[in-house]
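One letter stands for each residue in the lines below.
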Amino acid sequence: MTKATRLTFVCHGATSATHAGAFPLDEALAPGETQRTAGFAGQLRHAHHFLTSPALRARQTAEALGLEATVDAAMADMDYGRWAGRTLSDIHASDPDNAGNWMADPDSAPHGGESFNDLLQRVSSWMEAHLDDGGHTIVVSHALVVRASILYTLQAPVSAFWRIDVEPLSFTELRSDGRRWMLRACANLPSPIEGNTT
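We now turn to the structure provided with this report. (Residues numbered from 1 in each chain as written. Predicted model: local features only at pLDDT ≥ 70, side-chain atom pairs only at ≥ 80, totals over all residues. Heavy atoms only, no water.)

### Concerning the overall build of the protein
From N to C terminus, the protein includes seven helices and six strands. Relative to the 2.2 N^0.38 estimate, which gives 16 Å for 198 residues, the radius of gyration of the protein is 17 Å and therefore close to what a compact globule would have. Based on the C-alpha atoms only, the size of the protein along its principal axes is roughly 50 × 45 × 25 Å. By the burial criterion, 47% of the 198 residues in the protein qualify as buried. Within the protein, residue pairs in contact and separated by at least 24 positions form 68% of the contacts whose partners lie at least 6 positions apart. (Helix = DSSP H or I, 4+ residues; strand = E, 2+ residues; numbered from the N terminus. Rg over C-alpha atoms; globule rule 2.2 N^0.38 Å. Buried < 20%, exposed > 50% of the residue type's maximum accessible area, 1.4 Å probe, protein only. Contact = heavy atoms within 4.5 Å.)

### Observations concerning the pairing of strand β2 (residues 49–52)
Strand direction decides the pairing type here: β2 and strand β4 (residues 135–141), joined by four bridges, are parallel. Note on β4: the bridge partner recorded for H49 is T137. Sheet analysis places β2 next to strand β3 (residues 70–71), joined by two bridges and oriented parallel. Note on β3: the bridge partner recorded for L51 is T70. For the handedness criterion, the β-α-β arrangement of β2, helix α3 (residues 56–64) and β3 is classed as right-handed. (Pairing = 2+ DSSP bridges. Right-handed = clockwise from strand over helix to strand, strands pointing away.)

### With respect to the environment of M103
Structurally, the position occupied by M103 is in helix α5 (residues 96–104). C-alpha of M103 to C-alpha of H48: the two residues are 55 residues apart in sequence and 37 Å apart in space. Sequence-distant contacts of M103, that is, excluding residues within four places in its chain, are made with L88, H92 and W162.

### A few points about the packing of helix α6 (residues 116–129) against helix α7 (residues 143–154)
Running from N to C, α6 and α7 cross one another at 70°; their axes reach a closest spacing of 9 Å. By the angle between their directions, the pair α6 and α7 is classed as roughly perpendicular. Handedness of the crossing formed by α6 with α7: right-handed. Packed against α6, whose contacting residues are F116, L119, L120, V123, S124, M127 and E128, the element α7 presents L144, V145, A148, S149, L151, Y152 and T153 at the interface. Classifying every residue of the contact of α6 with α7 gives ten nonpolar, three polar and one charged. (Axes fitted to C-alpha atoms, helices over the stretch in contact; angles between N-to-C directions. Parallel < 35°, antiparallel > 145°, perpendicular 65-115°, else oblique. Left-handed = near helix turned anticlockwise from the far one by under 90°. Nonpolar A, V, L, I, M, F, W, Y, C, P; charged D, E, K, R; others polar.)

### A few points about α6
Look at α6: 20 Å from first C-alpha to last across 14 residues, which is about the 20 Å you get at 1.5 Å a residue. Of all the positions in α6, only F116, L119, L120, R122, V123, S124, W126 and M127 are classed as buried. (Expected span 1.5 Å × (residues − 1).)

### Description of the pattern of salt bridges
Here the structure, examined in full by the defined rule, presents nine salt bridges. With its nearest N and O atoms 2.9 Å apart, the salt bridge here joins R57 to D77. A residue pair is termed long-range when its members are at least 10 positions apart, and R57 in helix α3 and D77 in the loop between β3 and α4 (88–94) qualify at 20 residues. Summarising the burial analysis for this pair, R57 and D77 share the class buried. R179 is paired through a salt bridge with D177; the nearest N and O atoms lie 2.8 Å apart. Given a relative accessible area of 19%, D177 falls into the buried group. Members of the salt-bridge network, linked through shared partners, are R6, E173, R175 and R184. (Salt bridge = Lys/Arg side-chain N within 4 Å of Asp/Glu carboxyl O.)

### A short note on the sheet that holds β4
Across the sheet, six strands lie side by side as β3-β2-β4-β1-β5-β6; this open sheet has mixed pairing. Among the strands making up the open sheet, the edge pair consists of β3 and β6 (181–188). When strand β1 (residues 5–11) meets strand β5 (residues 170–176), the two strands line up antiparallel, connected through six bridges. Paired with R6 across the two strands is R175, which belongs to β5. Taken strand by strand, α7 contacts β1, β4, β5 and β6, and its axis lies near 140° from that of β6.

What is shown is where atoms sit, not what they do.
Listed below in structure tokens is the structure:
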């Protein structure tokens, strides 16, 4: 008998890189973001398993949400290699050919890190391995990881990657019947109770 499996991805809170449009380093949440995230604490606790990316921003988000999450390296952000810490506009200005190739060719990794296909393979393998877990798992991860999970679920082409917008502190819910994943909902988390924000 197959077990019903529910999977909720939570995108980590905003960082300085989020605001600057930069490829992230392993930076902390932006000032005030921990308090804003804590306003949601208690709304996502009812689950059987809690996982988080190893990145500081994801672990801080999980902690602020009150989740005792286990680190799962497969849920890490894309490896941006030499581009980490730089803005995409800067890379377009200094290295337009490689920037263009990276966005157009899913096998391209001019920064020396992961290609989009590398990321999709990593996330797809994880999704397949957890197809029949049963219960509800909450994963705090990154926008690109969430995008990859949606592409895998919908069996959409890699070109659709750029048509998916995943905001900080948004959630994406998937369901599995043990045979395939299904996309159930994508939304921002509801506003915290007034007085809990900064």
